[in-house]
Amino acid sequence: MTDLRHHGDVEATPGLVDLAVNVRSGSPPAWLRAVLHDAVDACAAYPDPARARAAVAAAHGRPEDEVLLTAGAAETFTLVARALAPRHAVVVHPSFTEPEAALRAHGHAVHRHLLDAPSYLLTPPPEDADLVVLGNPTNPTSVLHPGGDVAALCRPGRTVVLDEAFADTDPGEPQSLAARRDLPGLLVVRSLTKTWGLAGLRVGYALGPPDLVAALAAVQPHWPVSTPALAALEACSTPAALAQAETWAHELAGHRRALLDLLPAGVEVVGQPRSSFVLLRLPDADRVRRELRAAGFAVRRGDTFPGLAPDHLRVAVRDPTTSAAFTAALAAILERS
Ligand SMILES: Cc1ncc(COP(=O)(O)O)c(C=O)c1O
């Protein structure tokens, strides 16, 4: 059985260049760290989510009762598993494994809908699925499904949990469904972890119909989101913060191009990467991964993702200097093979 609870943080041992975890490096920016420090001073009181909820709602043009603030996207997956009683739960794979792990931990049977190589683009899941979970852009393939194809999954009687934790890595987010209020049963899951470098803060939110948001809130512990996390939500929802994220998304596209251009012969790029990581395929990838560690680079193994194989590796997009050092190490390993 695949280890659904294996994540890149286990591979990113201190001392190695971290290409295993897809959190933006160099973040959070100084202005956001100042916001967090100030919020620590307010921590004697219980957290009040009102301003953060209003800020998130305004940023997405949605009413406040369509916003659920969470301790990271991962919390939403647990709340879904706790609150819903799906008869036929389908998780689209390869994808982030926490949604399936949470569903199984709560006793739900999970049907895996595997997407096909080489494109890994979305194909319709079983018609009778009353819960469908997918990510867009998708971790680990970095594939961005057309928003229209995702929207077509929604119908009365079905909940679609759309993990958009990486949506803000795509400039302008044209495929995002975060503002779509017309689609029945759509829950869009967002995170501050990746772009803002806040993995340790545990902060995110979900957007969906008021009845679904209320059902998830009802099974959430009281005070689920800390005062510093609420301050981050408010600060990262301002027009200036959103503009900064947009600038980074454009910069990322250039850095991704640089990484792809530097990859040595014999390494296949899977699908069409559109996020802050790329999925690679190469012979003997597990040995290569271990040799990369010896050379100082941590990359993410692919074989713990349902639908992928031991010859897959996921690599974070970093600045071109880091990518040049990584690809040189990779080329040297492949030449020795
Ligand atoms: C696709 C995807 N969704 C969600 C998460 C978890 O996000 P958070 O830190 O907000 O719980 C991750 C973390 O790796 C992820 O890759």
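Residues numbered from 1 in each chain as written. Predicted model: local features only at pLDDT ≥ 70, side-chain atom pairs only at ≥ 80, totals over all residues. Heavy atoms only, no water.

The protein chain carries the name Aminotransferase in an unreviewed UniProt entry, which gives Klenkia terrae as its organism. A UniProt comment under Cofactor (unreviewed entry) is attached to the protein chain, and it reads "pyridoxal 5'-phosphate". Under the UniProt heading Sequence similarities (unreviewed entry), the entry covering the protein chain gives this text: "Belongs to the class-I pyridoxal-phosphate-dependent aminotransferase family." (UniProt positions renumbered as here; feature names shortened; annotations may be inferred.)

**Student:** Outline the pattern of salt bridges, listing residues and values.
**Tutor:** Using the criterion set out here, one finds 24 salt bridges in the structure. The closest approach of N and O atoms between Glu98 and Arg5, which form a salt bridge, is 2.7 Å. Of this pair, Glu98 sits in helix H4 (residues 98-105) while Arg5 sits in the segment before strand S1 (17-19); the two residues are 93 residues apart in sequence, bridging distant segments of the chain. Arg5 gets classed as partly exposed once you look at its relative accessible area, which sits at 47%. (Salt bridge = Lys/Arg side-chain N within 4 Å of Asp/Glu carboxyl O. Helix = DSSP H or I, 4+ residues; strand = E, 2+ residues; numbered from the N terminus. Buried < 20%, exposed > 50% of the residue type's maximum accessible area, 1.4 Å probe, protein only.)

**Student:** Just give me the short version of the sheet that holds strand S12 (residues 312-316), but keep the residues and values in it.
**Tutor:** On the basis of which strands lie adjacent, the open sheet formed by 5 strands has the order S1-S11-S12-S10-S9 and mixed pairing. Two strands close off the open sheet at either side, each with one partner strand: S1 and strand S9 (268-269). Inspection of the sheet shows S1 paired to strand S11 (residues 297-301) by 3 bridges, in the parallel sense. Of the residues in S11, the one forming a bridge with Asp18 is Ala298. Most of the contacts of helix H9 (residues 239-262) go to strand S10 (residues 277-281), to which it runs at about 20°, and overall it touches S9, S10 and S12. The sheet contacts of helix H11 (residues 320-336) involve S1, S11 and S12, and relative to S11 the element is tilted by about 75°. (Pairing = 2+ DSSP bridges. Contact = heavy atoms within 4.5 Å. Axes fitted to C-alpha atoms, helices over the stretch in contact; angles between N-to-C directions.)

**Student:** Can you break down H4 residue by residue, with the values?
**Tutor:** Counting buried positions along H4 yields 6 of 8 residues, so the element is predominantly enclosed. Considering only its buried residues, H4 is in contact with helix H3 (73-83), strand S3 (89-93), strand S4 (110-114) and strand S5 (131-135). Residue Gly107 follows H4 closely and has a positive phi angle near 85°.

**Student:** Lay out the sheet that holds strand S8 (residues 204-207) in plain terms, naming residues and giving numbers.
**Tutor:** In a beta sheet, neighbouring strands are held together by backbone hydrogen bonds and run either parallel or antiparallel to one another. The sheet built from 7 strands is open, its strands ordered S2-S8-S7-S6-S5-S3-S4 with mixed pairing. Each edge of the open sheet is held by one strand with a lone partner, namely strand S2 (67-70) and S4. The average angle at which neighbouring strand axes cross in this sheet is 20°, direction not considered. Where S5 and strand S6 (residues 159-163) come together, 5 bridges link them in parallel fashion. Across the sheet, Leu131 pairs through a bridge with Thr159, a residue of S6.

**Student:** Please give an account of the site of the ligand that cites residues and values.
**Tutor:** As a structural note, the neighbourhood of the ligand is formed by Gly72, Ala73, Ala74, Phe96, Asn139, Asp163, Ala165, Phe166, Ser191, Thr193, Lys194 and Arg202. Separating a nitrogen atom of the ligand from a side-chain N or O atom of Asp163 is a distance of 2.6 Å. At a separation of 2.6 Å, an oxygen atom of the ligand approaches a polar side-chain atom of Ser191. Alone, the ligand offers 400 Å² of accessible surface; in the complex the protein occludes 89% of this. Spatially, the ligand is embedded in the largest pocket. Its residues assigned to classes, the shell around the ligand comprises 5 nonpolar, 4 polar and 3 charged. (Near = heavy atom within 4 Å. Polar contact = N/O pair within 3.5 Å; in protein donor to acceptor, adjacent residues only side chain to side chain. Areas by Shrake-Rupley, 256 points an atom, 1.4 Å probe, with all protein chains shown as cover. 1 Å grid on protein atoms, 1.4 Å probe; cavity = no way out; pocket = protein on both sides within 12 Å on 5 of 7 lines; lining within 4 Å. Sits in = over half its atoms within 2 Å of the grid points. Nonpolar A, V, L, I, M, F, W, Y, C, P; charged D, E, K, R; others polar.)

**Student:** Now, about the packing of aromatic side chains: what can you tell me, with residues and values included?
**Tutor:** Each pair of aromatic rings is reported with the distance of its centres and the angle of its planes. By the definition in use, this model includes 6 aromatic pairs. Here Phe166 and Phe277 contribute two aromatic rings whose centre-to-centre distance is 4.9 Å and whose plane-to-plane angle is 65°, an arrangement assigned as edge-to-face. With Phe166 in the loop between S6 and strand S7 (186-191) and Phe277 in strand S10, the pair connects residues that are 111 residues apart, well separated along the chain. A relative accessible area of 0% means that Phe277 is categorised as buried. For the pair Phe297 and Phe326, a centre-to-centre distance of 5.9 Å together with 65° between the ring planes defines the contact as edge-to-face. (Phe/Tyr/Trp six-rings, centres within 6.5 Å; stacked < 30°, edge-to-face > 60°.)

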